[in-house]
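Now for the letters of each chain:
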Amino acid sequence: EAGVAQSPRYKIIEKRQSVAFWCNPISGHATLYWYQQILGQGPKLLIQFQNNGVVDDSQLPKDRFSAERLKGVDSTLKIQPAKLEDSAVYLCASSLDRAVAEAFFGQGTRLTVV
Amino acid sequence: QKEVEQDPGPLSVPEGAIVSLNCTYSNSAFQYFMWYRQYSRKGPELLMYTYSSGNKEDGRFTAQVDKSSKYISLFIRDSQPSDSATYLCAMRPNTGNQFYFGTGTSLTVIP
């Protein structure tokens, strides 16, 4: 079974630029999560999708972050404009359903904002 | 107060030692408890999950949950150098949406 795929693996941008991350969850997984992991900290939820609908985006900085999951499969997370404090690893995870305990993570995209 | 507290370590043990990793939490609504292992520059990998209180064993790994104390543990027996990683605890409410993570404990097993 293929895991959660994310791209790119690394990205370096200047502040005020925009950036987009892509995630392809495990086939058949209805729930998709985007997490932000700052160095030395645990992952923090940004947004959760159930199929193509948003379940929880309460911690998403909506003035600069946006995410979509068209057709309930792949998802894109965008930051515009980026700030220095956005430097982090952005992790995508998926689970079979929101009521299922296990979530499986991709390798993440490491973003550096300079 | 953070929802989940975890000692960041670092923890360094000799090969073959028993390792104990712990988290405490404040939200009594948490019902699902998970342990993830994260190697450097990799995403978290699910090791085990437990529903409500009790113990769960999988090979060299044992997860314990004590809901009365709001305390969870992961024990690693016969630790190996390949166990060197950061261990993250995570938990969620029974019907809630998001997972709440600890900050992770960095473990090094010395050959």
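Residues numbered from 1 in each chain as written. Chains lettered and ligands numbered in written order. Predicted model: local features only at pLDDT ≥ 70, side-chain atom pairs only at ≥ 80, totals over all residues. Heavy atoms only, no water.

What to know about the environment of Gly108 of chain A
Our working definition: Helix and strand assignments follow DSSP, with helices taken as H or I runs no shorter than four residues and strands as E runs no shorter than two, numbered in order from the N terminus.
Along the polypeptide, Gly108 of chain A turns up in the loop between β10 (104–105) and β11 (109–113). As for Gly108 of chain A and Cys23 of chain A, which are separated by 85 residues in sequence, their C-alpha atoms are 9.2 Å apart.

Observations regarding the state of the cysteines
Convention followed: Pairs of cysteine sulfur atoms within 2.5 Å are identified as disulfides in what follows. Buried means the residue's accessible area, taken with a 1.4 Å probe over protein chains only, is under 20% of the maximum for its type, while exposed means over 50%, and partly exposed covers the values in between.
Counted by the stated rule, this structure contains two disulfides over all chains. The disulfide bridge from Cys23 of chain A ends at Cys92 of chain A, spanning 1.9 Å between sulfur atoms. Handedness here is read from the sign of the S-S torsion; for Cys23 of chain A and Cys92 of chain A, about -70 degrees, the answer is left-handed. Taken as a pair, Cys23 of chain A in strand β3 (residues 19–24) and Cys92 of chain A in strand β9 (residues 88–95) lie far apart in primary sequence, 69 residues in all. The disulfide partner of Cys23 of chain B is Cys89 of chain B, and the S-S distance across this bridge is 2.0 Å. Disulfide Cys23 of chain B-Cys89 of chain B: torsion about the S-S bond near -105 degrees, hence left-handed. Of this pair, Cys23 of chain B sits in strand β3 (residues 19–25) while Cys89 of chain B sits in strand β9 (residues 85–93), and the two are 66 residues apart along the sequence. Cys23 of chain B sits in the buried class, given a relative accessible area of 1%. Classification of Cys89 of chain B as buried rests on a relative accessible area of 0%.

Comments concerning the interface of chain A and chain B
So the rule is basically this: Two residues form a contact once any of their heavy atoms are found within 4.5 Å. Buried area is understood as the total, over both parts, of accessible area removed when two parts are fitted together, assessed with a 1.4 Å probe. Here a polar contact is recorded for every N or O atom pair within 3.5 Å, except that within protein the pair must consist of a potential hydrogen donor and a potential acceptor, and residues adjacent in sequence are included only if both atoms are side-chain atoms.
Listed per partner, the contact involves 25 residues of chain A and 18 residues of chain B. Of the roughly 1,800 Å² buried between chain A and chain B, counting both surfaces, carbon and sulfur atoms make up 48%. Where chain A touches chain B, the interface holds six residue pairs in polar contact (both at pLDDT 80 or more). Within the residue set of the side of chain A that touches chain B, elements represented by two or more residues are β4 (31–37), β5 (44–50) and β6 (53–56) of chain A.

Things to note about the environment of Gly72 of chain A
Note that Gly72 of chain A resides in the loop between β7 (65–68) and β8 (75–79). On a C-alpha basis, the gap between Gly72 of chain A and Glu14 of chain A in space is 31 Å, while along the polypeptide they are 58 residues apart.

Focus on the sheet that holds strand β8 (residues 71–76) of chain B
All names here are of chain B. Condition: When DSSP finds two or more bridges between a pair of strands, those strands are recorded as paired. Only C-alpha atoms enter the line fits that serve as axes; for helices the fit covers just the stretch in contact. Angles between N-to-C directions range over 0 to 180 degrees.
Spatial ordering of the open sheet is given by β1-β3-β8-β7-β6, a layout of five strands whose pairing is antiparallel. Edge positions in the sheet fall to β1 (4–6) and β6 (54–58), since each of these pairs with one other strand and no more. For this sheet, the mean angle separating the axes of adjacent strands, direction not counted, is 15 degrees. Bridge count between strand β7 (residues 61–66) and β8: six bridges; the pairing is antiparallel. Bridged to Gln64 within β8 is Ser73.

Remarks on the nonpolar core
Quick note on the threshold: By nonpolar core is meant a set of buried Ala, Val, Leu, Ile, Met, Phe, Trp, Tyr and Cys residues that side-chain atoms within 4.5 Å join together.
Ranked by internal contacts, the top residues of the largest apolar core, which has 24 residues, are Trp35, Ile72, Leu74, Tyr87 and Met91 of chain B. Residues within four places of Tyr87 of chain B in sequence aside, it is in contact with Gln6, Leu21, Tyr36, Arg37, Leu47, Leu74, Ile76, Gly104, Thr105 and Leu107 of chain B. Counting 21 residues, the second largest nonpolar core, distinct from the first, contains Cys23, Phe65, Leu77 and Ala88 of chain A.

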